[in-house]
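Examination of the molecular architecture
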Amino acid sequence: MKFVCFLGVFLVLSSCNQNKKLEEDLGVKVSSEQFEKTVIEAWGDDNILTIKKDDYAYIEKSISLNYGPMQKSFGKAMTVTNIETDADIVKHHLVIQSEEIQNGTQSKLSTRERVLSVKKATAASQALSPTVKLENLEDEIQATPFENFLDTLGLCSVQTIECYNLKVENFEEAVPTEVEGNNCRFFEGCKWKGKKVSFVVRIPYKEDGSDEVKKQNNIISFKIVHNMPYLFKMVEYCFEGLSEYQNQKFPVKVCTQVKDTIKGQ
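This report concerns the structure included in the present document.

Criteria and cut-off values
Residues numbered from 1 in each chain as written. Predicted model: local features only at pLDDT ≥ 70, side-chain atom pairs only at ≥ 80, totals over all residues. Heavy atoms only, no water. Salt bridge = Lys/Arg side-chain N within 4 Å of Asp/Glu carboxyl O. Helix = DSSP H or I, 4+ residues; strand = E, 2+ residues; numbered from the N terminus. Buried < 20%, exposed > 50% of the residue type's maximum accessible area, 1.4 Å probe, protein only. Disulfide = S-S within 2.5 Å. Pairing = 2+ DSSP bridges. Contact = heavy atoms within 4.5 Å.

Any two side chains of opposite charge can pair if their charged atoms end up close together. Enumeration according to the criterion identifies eleven salt bridges in this entry. We note a salt bridge from Lys 29 to Glu 162, for which the minimum N-O separation is 4.0 Å. Of this pair, Lys 29 sits in strand β1 (residues 29-30) while Glu 162 sits in strand β7 (residues 162-174); the two residues are 133 residues apart in sequence, bridging distant segments of the chain. Among the salt bridges present, the one from Lys 72 reaches Glu 60, with a minimum N-O distance of 3.4 Å. Of the two residues, Lys 72 sits in strand β3 (residues 71-85) while Glu 60 sits in strand β2 (residues 56-65), which places them twelve residues apart along the sequence. A cluster of three or more residues bridged by salt bridges with shared partners is formed by Lys 29, Glu 162 and Arg 202.

Here we come to unusual backbone geometry. Peptide bonds are trans in most cases, and residues, glycine excluded, mostly fall at negative phi. Residue Asp 54 is not a glycine yet carries a positive backbone phi of 80°. Here Asp 54 shows up in the loop between α2 (32-43) and β2. For Asp 54, a relative accessible area of 39% corresponds to the partly exposed category. Phi angles above zero are rare outside glycine, and Asn 183 is one such case at about 60°. On the secondary structure map, Asn 183 appears in the loop between α5 (177-180) and β8 (191-206).

Before going further, it helps to spend a moment on the state of the cysteines. Under the counting rule described, the total for this entry stands at three disulfides. Two residues, Cys 156 and Cys 163, share a disulfide whose sulfurs are 2.0 Å apart. Judged by the torsion about the S-S bond (-100°), the Cys 156/Cys 163 disulfide is left-handed. In this pair, the class of Cys 156 matches that of Cys 163, namely buried. Covalently, Cys 238 is tied to Cys 255 through a disulfide, its sulfur atoms 2.0 Å apart. Where Cys 238 bonds to Cys 255 through sulfur, the torsion about that S-S bond is close to 115°, and the disulfide is right-handed. Taken together, the residues span a long stretch of sequence, with Cys 238 in strand β10 (residues 234-245) and Cys 255 in strand β11 (residues 248-262) at a distance of 17 residues. Each member of the pair Cys 238 and Cys 255 is classed as buried. When the bonded cysteines of the chain are numbered from the N-terminus onward, they pair as 1-2, 3-4, 5-6.

This brings us to helix α4 (residues 145-153). In terms of burial, α4 is largely enclosed, as nine of its nine residues are buried. For α4, the full list of buried residues reads Pro 145, Phe 146, Glu 147, Asn 148, Phe 149, Leu 150, Asp 151, Thr 152 and Leu 153.

Attention shifts here to the pairing of strand β4 (residues 89-102). In this sheet, β4 lies alongside β3 in antiparallel orientation, the contact comprising eleven bridges. Looking across to β4, one finds that Phe 74 is bridged to Glu 100. Between β3 and β4, which pair antiparallel in sequence order, lie three residues. Examined bridge by bridge, β4 and strand β5 (residues 105-119) share 14 bridges and lie antiparallel to one another.

Right, let's get into the side chain of Ser 62. By the element assignment, Ser 62 lies in strand β2. For Ser 62, a relative accessible area of 7% gives the class buried. When near neighbours in sequence (up to four residues on either side) are disregarded, Ser 62 contacts Met 70, Gln 71, Lys 72, Ser 73, Lys 253, Val 254 and Cys 255.

What follows concerns the environment of Val 197. Inspection of the secondary structure puts Val 197 in strand β8. Taking the C-alpha atoms as reference points, Val 197 and Asn 170, 27 residues apart in sequence, are found 9.0 Å from one another. Apart from the residues within four sequence positions on either side, Val 197 is in contact with Val 39, Ala 42, Leu 166, Lys 167, Val 168, Ile 220, Ser 221 and Phe 222.

In structure tokens, the structure reads:
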């Protein structure tokens with residue numbers, strides 16, 4: 001399998017410069033096989049057929065520039081509205097309601113529908129059809145956190161990318177404010193817990209007008225909460241690197257986070 005979805009998202013935001021805090025020590029290099037094994041173990045239960053009608057999540061993407069506060073870029077509510085089953089395929093119908101934010105104000109509301117088809121006898125990591133490639137905002141809005149996870153799973157197998165300093169940690173933290181405001185949903189003690197995975201990606205690039213290939217280091221981290229509807233188990237995905245605008249280079253952090261969720265029946 002080839003997964004390139006997240007590349008289009010974070011390479012656009014990356015500058016042609018090194019992340020200074022990673023220049024001296026990248027950590028231990030990790031093979032694509034070891035990366036995939038470790039990340040699949042962090043995901044846990046891989047039974048994609050546990051998706052339920054009325055599974056729901058509200059998800060936000062936020063961006064911080066030059067260590068400033070996180071600013072909301074877009075939000076989307078994703079709901080499994082129907083599930084159709086035949087001999088070999090399960091079709092999950094999703095409705096996606098989104099809001100785009102510009103200059104701190106809501107700029108666009110829209111609703112989309114799509115179908116995720118799963119082969120019953122296929123491993124979860126290969127089961128979704130069609131896959132979504134995150135090449136633009138429209139693709140980002142349509143993609144579920146599970147599909148984003150699959151893209152991340154294959155990131156270190158991309159031939160030009162090197163991965164380092166893979167870490168997996170247990171975490172427990174307070175649920176988002178939106179979940180707390182809904183009687184903590186199904187989370188005991190208003191806390192959720194799971195696995196946090198982080199690693200460094202080293203990406204080749206060329207500066208404008210140059211044939212010289214340089215390397216750029218960036219940090220990716222994500223959190224998996226096992227007590228979640230299957231499609232939304234990756235409750236957070238963050239990228240930290242450098243960006244460039246009008247010849248000025250500055251740190252950038254981009255996070256996509258699940259802010260609320262409901263389990264279907």
